[in-house]
Amino acid sequence: MWAHGYVRAEPTIEAEQRWTDHVKKMYSTMLMRKAKSWFTGYNSNVPGHEHGKTRYFVYNGGTPKYVSKIKEVADSGYEGIVFGSGPLRPLGPETERIEEKMSK
């Protein structure tokens, strides 16, 4: 990155959504998704973190699958990643919608 003058790398909205969908799919087969646990974002002391509002804090696909996904991105020329040296993209309606979807 430094050789090209980049100081940051950000995913596109579409890449964020693809990754979110993949992580949700990995959770769908796990029994722990139904647990009242910090692994699923449950905290009865924090409004909005009740049981049934799963947050995806842990990647359940395993190391080989994770490395495979990273390799796919690298092999595609880092498709879905925007490199730059300027300021980060501002939070906007698209980002807020993805964050909202992830909290469901």
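Residues numbered from 1 in each chain as written. Predicted model: local features only at pLDDT ≥ 70, side-chain atom pairs only at ≥ 80, totals over all residues. Heavy atoms only, no water.

Some words on the packing of aromatic side chains
Thinking step 1. The final tally for this structure, using the stated rule, is five aromatic pairs.
Thinking step 2. Plain terms: the ring middles of Y59 and Y66 are 5.5 Å apart, the flat faces sit at 55 degrees to each other, and that makes the pair tilted.
Thinking step 3. Among the residues examined, Y66 registers a relative accessible area of 39% and is labelled partly exposed.
Thinking step 4. On the basis of an interplanar angle of 85 degrees and a centroid distance of 5.8 Å, the ring pair of Y78 and F83 is categorised as edge-to-face.
Thinking step 5. Using a relative accessible area of 28% as the deciding quantity, one classes F83 as partly exposed.
Thinking step 6. Of the aromatic side chains, those joined through ring pairs into one cluster are Y6, Y78 and F83. (Phe/Tyr/Trp six-rings, centres within 6.5 Å; stacked < 30°, edge-to-face > 60°. Buried < 20%, exposed > 50% of the residue type's maximum accessible area, 1.4 Å probe, protein only.)

A closer look at the side chain of H22
Thinking step 1. The residue H22 is located in helix α1 (residues 13–28) in this model.
Thinking step 2. Look at H22 and you get buried, because its relative accessible area is 11%.
Thinking step 3. Sequence-distant contacts of H22, that is, excluding residues within four places in its chain, are made with Y59, K65 and K69. (Helix = DSSP H or I, 4+ residues; strand = E, 2+ residues; numbered from the N terminus. Contact = heavy atoms within 4.5 Å.)

Observations regarding the environment of A15
Thinking step 1. Tracing the sequence through the fold places A15 in helix α1.
Thinking step 2. A15 sits in the buried class, given a relative accessible area of 15%.

What to know about the environment of S85
Thinking step 1. Within the secondary structure, S85 sits in the loop between β2 (81–84) and α3 (93–102).
Thinking step 2. Taking the C-alpha atoms as reference points, S85 and Y6, separated by 79 residues in sequence, lie 4.9 Å from one another.
Thinking step 3. The residues contacting S85, other than those within four sequence positions of it, are G5 and V7.

Re helix α2 (residues 63–75)
Thinking step 1. Along its 13 residues, α2 runs 18 Å from first to last C-alpha, staying within 8% of the 18 Å computed at 1.5 Å per residue.
Thinking step 2. Once α2 ends, the next one or two residues include G77, with phi positive near 75 degrees. (Expected span 1.5 Å × (residues − 1).)

Looking at the confidence of the model for the protein chain
Thinking step 1. Mean pLDDT for the protein chain: 78, with 71% of residues reaching 70 or above.
Thinking step 2. In the model of the protein chain, α3 stands out as the element of lowest mean pLDDT, 52, in contrast to α2, which has the highest, 94. (pLDDT = per-residue confidence, 0-100.)

With respect to unusual backbone geometry
Thinking step 1. In the Ramachandran plot, Y78 falls in the positive-phi region, its phi being about 65 degrees despite a non-glycine side chain.
Thinking step 2. Examined against the element boundaries, Y78 turns out to sit in the loop between α2 and β2.
Thinking step 3. Judged by relative accessible area, which is 41%, Y78 ranks as partly exposed.

Some thoughts on α1
Thinking step 1. For α1, spanning 16 residues, the distance from its first C-alpha to its last is 22 Å, which sits close to the expected 22 Å at 1.5 Å a residue.
Thinking step 2. Listed in full, the buried residues belonging to α1 are I13, A15, E16, Q17, T20, H22, V23, M26 and Y27.

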